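# Chain and residue survey
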Amino acid sequence: MTGQSVRMRMGEDRTGVQGRAGAEWEGVLDAFAESQAGDAGAAQLTVYHHSRPVVDVWTATRHPGPRPFGRESVGVLMSVTKGLLAVCVHLLSQRGALDVDAPVARHWPEYAVNGKQGTTVADLLTHSAGLPAFTGDPADVAGIDLLDWDGCVARLAAADPVWQPGAACSYHALTYGHLVGEVVRRVTGVGVGAFFAAEVAAPLDLDLWIGLPQEEEHRFVPQHCPAPPPTRDRIAMMPQAVGLDHDDRLARSLLASFAELSAVTTAFDSRAGRAAEIPAAGGIGNARSLARLYASLIGHVDGIRLLSPLTVDRARTPRTDHLPAPLRRPANADTARFGLGFELPRSGLPMLGDGSFGHAGAGGRLGMAHPESGLAVGYTCTEMAWDPAAGPDPRWLPWTRAIHEAAGLPAGR
């Protein structure tokens with residue numbers, strides 16, 4: 001940040017906010033300190049404006065575990081990883097190697113069974129493929145090796161969709177990564193982690209991985225969930241909350257999806273879990289690289305722009321607003337909105353306002369961009385405190401307001 005002011009602040013309890021902010025962006029540093037004041041974990045925030053880094057801050061927070069937290073620390077990104085995978089697809093589409101409106105079976109012939117012959121790549125990207133889990137029986141999850149790529153994609157290829165592909169939308173928490181990732185593998189001949197590393201991370205010098213290399217393990221800081229895991233009884237009652245009988249096929253698939261994601265999240269505590277390619281949830285990186293990635297989608301960063309304006313507009317065009325859910329939602333439910341692989345703003349995930357796109361991750365991580373304002377933001381945290389059912393993560397709100405103010409945008413943009 002040449003020519004910009006540098007500030008450092010240390011708290012009385014040795015919980016510090018450190019970093020740099022441009023002279024007109026110091027309010028974001030203050031807001032970040034405010035947002036993290038009550039957070040027991042650590043966090044990072046980086047902001048790019050018109051291709052330049054203007055904020056790069058982090059907390060030197062007391063953190064459970066043997067490794068300190070700082071600017072170079074990396075952690076699990078959870079579903080923010082879905083945005084990384086979407087970038088890979090749009091690169092291939094932009095190069096003419098992949099048509100998102102074509103059938104999946106064009107690249108993955110084994111997929112064309114059990115009513116999936118007409119499923120398009122766009123259906124996979126918009127969570128409308130009808131395969132929210134690797135199994136339809138929650139009891140089977142314990143016997144599935146979720147780190148076995150070939151085994152998992154074979155299950156998906158042979159599966160019978162829970163609803164007609166393209167006719168409804170419901171979040172594919174873990175299967176999204178294998179469905180879309182296998183298409184990338186079939187098109188390129190390499191795994192999605194290798195493709196992302198060579199075509200995205202390397203040109204931009206990003207500290208982002210889908211499969212953490214052994215030599216980067218020393219930088220990894222684990223996540224922590226402050227809430228106790230749901231009890232067996234609470235899980236069993238989840239289908240009733242959305243109007244489903246416990247034995248309904250959709251209910252069992254959703255319960256299996258919940259169990260699968262829980263198992264994979266636990267696996268991230270192991271070296272094998274962090275090394276595996278889990279492109280729906282297992283990306284590992286930091287805020288600085290997330291912001292740099294999103295900045296390169298909407299402008300030139302050190303001479304590199306990954307996606308054309310036309311590709312970005314296609315990626316952020318709403319694709320699911322007209323689709324029903326395959327289950328009953330509460331009247332006040334905050335419905336997820338998707339473009340092609342990216343989340344779009346909604347009340348519980350306002351991002352940077354209308355026109356922005358990106359992806360949030362369990363616990364509160366967030367990567368996003370707003371082309372019209374030239375803003376790109378990356379936020380990571382170790383404390384999995386965000387409850388999506390309660391609305392936006394309270395930690396986002398102070399610095400989001402400050403970013404709008406510094407960029408000269410209306411607060412509700």
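Refer to the structure above for everything that follows.
In this report, we go over the structure that sits alongside the text. (Residues numbered from 1 in each chain as written. Predicted model: local features only at pLDDT ≥ 70, side-chain atom pairs only at ≥ 80, totals over all residues. Heavy atoms only, no water.)

### Remarks on the overall build of the protein chain
Short version of the rule: The way it works is that DSSP assigns letters per residue, a run of H or I at least four long becomes a helix, a run of E at least two long becomes a strand, and they are numbered from the N terminus. Three exposure classes are used, based on accessible area relative to the maximum for each residue type with a 1.4 Å probe and protein chains only: buried under 20%, partly exposed in between, and exposed over 50%. Contact definition: two residues touch when any of their heavy atoms are within 4.5 Å.
Along the protein chain, the regular secondary structure elements total 12 helices and 10 strands. Looking at the protein chain as a whole, 56% of its 413 residues are labelled buried. Counting contacts in the protein chain only where the partners sit at least 6 residues apart, residues at least 24 apart contribute 68% of the total.

### A look at the sheet that holds strand 5 (residues 75-76)
The criterion, for reference: Strand pairing requires that DSSP identify at least two bridges connecting the strands.
In space, the 3 strands of this open sheet follow the order 5-7-6, with antiparallel pairing throughout. Among the strands making up the open sheet, the edge pair consists of strand 5 and strand 6 (208-210). Note: strand 6 against strand 7 (residues 283-285), 3 bridges, orientation antiparallel. By the bridge assignment for strand 7, Ile210 is matched with Gly283.

### Points about the nonpolar core
Under the convention used in this document: By convention a nonpolar core is built from buried Ala, Val, Leu, Ile, Met, Phe, Trp, Tyr and Cys residues, the set being connected through side-chain atoms within 4.5 Å.
Membership of the largest hydrophobic core comes to 78 residues, with the highest contact counts inside it found for Trp108, Leu293, Leu297, Leu306 and Phe357. Among the elements of the structure, helix 2 (80-94), helix 3 (121-125), helix 4 (149-158), helix 5 (175-188), helix 6 (192-204), strand 6, helix 10 (287-298) and helix 11 (309-316) are those that each provide at least two residues to this core. Here this core takes 9 residues from helix 2, the largest share from any one element. Other than its neighbours up to four places away in sequence, Leu306 contacts Val87, Leu91, Gln94, Glu199, Val200, Leu204, Leu293, Ser296 and Leu297. Membership of the second largest hydrophobic core comes to 30 residues, among which are Ala31, Val47, Met368 and Cys381.

The values reported here are purely geometric and, on their own, carry no functional implication.
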